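Listed below, chain by chain, are the residues.
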Amino acid sequence: MQARGLRAEMAASALPQFPHMSTSLPGFDAPAVGFEQPYEMLAACHERVQRSLDLLARLLDYVEQHGHDAQTRSAANDVLRYFDLAAPLHHADEETHVFPLLLAQDDAALRASVRQLQAEHATLGELWAQIRQPLLRWRESGATDRPDAALRAAAERWRALYAGHIRNEESLVFPAARAAMDDATQASMGAEMQARRRT
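Since this is a predicted model, take the numbers as computed values, not measurements. (Residues numbered from 1 in each chain as written. Predicted model: local features only at pLDDT ≥ 70, side-chain atom pairs only at ≥ 80, totals over all residues. Heavy atoms only, no water.)

Let's shift gears to the overall build of the protein chain. A count of helices and strands for the protein chain gives six helices and zero strands. From first element to last, N terminus to C terminus, the protein chain shows the α and β order α-α-α-α-α-α. Classification of the 199 residues of the protein chain by burial places 45% in the buried group. Considering only intrachain contacts with a sequence separation of at least 6, the fraction spanning at least 24 residues in the protein chain is 74%. (Helix = DSSP H or I, 4+ residues; strand = E, 2+ residues; numbered from the N terminus. Buried < 20%, exposed > 50% of the residue type's maximum accessible area, 1.4 Å probe, protein only. Contact = heavy atoms within 4.5 Å.)

So, in structure tokens, the structure goes:
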């Protein structure tokens, strides 16, 4: 991968502000979607997760081949900002508004899926803690280390876990929760999601 290629990919993967927010958090730029559409917002967050995972994969490959430069520092910072700030808020949205509703349903298979997703949130957090440490070094000038086998393995496991996690949410859990919510409940959910990002 050439340096210009990484810069182009980073530009394409930029994470600008969401227009309805009063603070600058990455990963919420979806002009056609607002908090009045909370499930569309959750799906848009999944798109940002995927973009950030893709950026991380490109970063690892680039650093392996070329080492560190200003663009890799910027990319490392972008990944850190998304998974330190936006991703935990997304998980909080699900844990607060979606999962409890479905755990109260009579559908045993659906409850089992939700419990799996809750366990995956914990595992995703543990994997992020491993991946985060080298990125903290890489965003600073003077970094010299390359991706080692442990980082590669954690990143691959993290990416695969997120892929299945998102599939389960979008194909089963979100539709079930949405069907169980009336318009007023969804409006309240969206308002709370927006308020969570202003604290």
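Inspection of the secondary structure puts Y82 in helix α3 (residues 70–103). Residues Y82 and R48 lie 34 residues apart in sequence; the distance between their C-alpha atoms is 8.4 Å.

Turning our attention to the pattern of salt bridges. Summed over all chains, the structure comprises nine salt bridges. D93 serves as the salt-bridge partner of R196, at 2.5 Å between the closest nitrogen and oxygen. With R196 in helix α6 (residues 183–196) and D93 in helix α3, the pair connects residues that are 103 residues apart, well separated along the chain. With its nearest N and O atoms 3.6 Å apart, the salt bridge here joins R139 to E140. (Salt bridge = Lys/Arg side-chain N within 4 Å of Asp/Glu carboxyl O.)

All right, on to the packing of aromatic side chains then. For the coordinates displayed, the defined rule picks out seven aromatic pairs. Pairing Y82 with F83 gives two aromatic rings, centres 5.1 Å apart and planes at 85°, and the pair type is edge-to-face. Of the two residues examined, Y82 and F83, each falls in the buried class. One aromatic cluster is present, formed by Y82, F83, W128, W158 and Y162 through successive ring pairs. (Phe/Tyr/Trp six-rings, centres within 6.5 Å; stacked < 30°, edge-to-face > 60°.)

It is worth stressing that arrangement in space is one thing and function is another; only the former is reported here.
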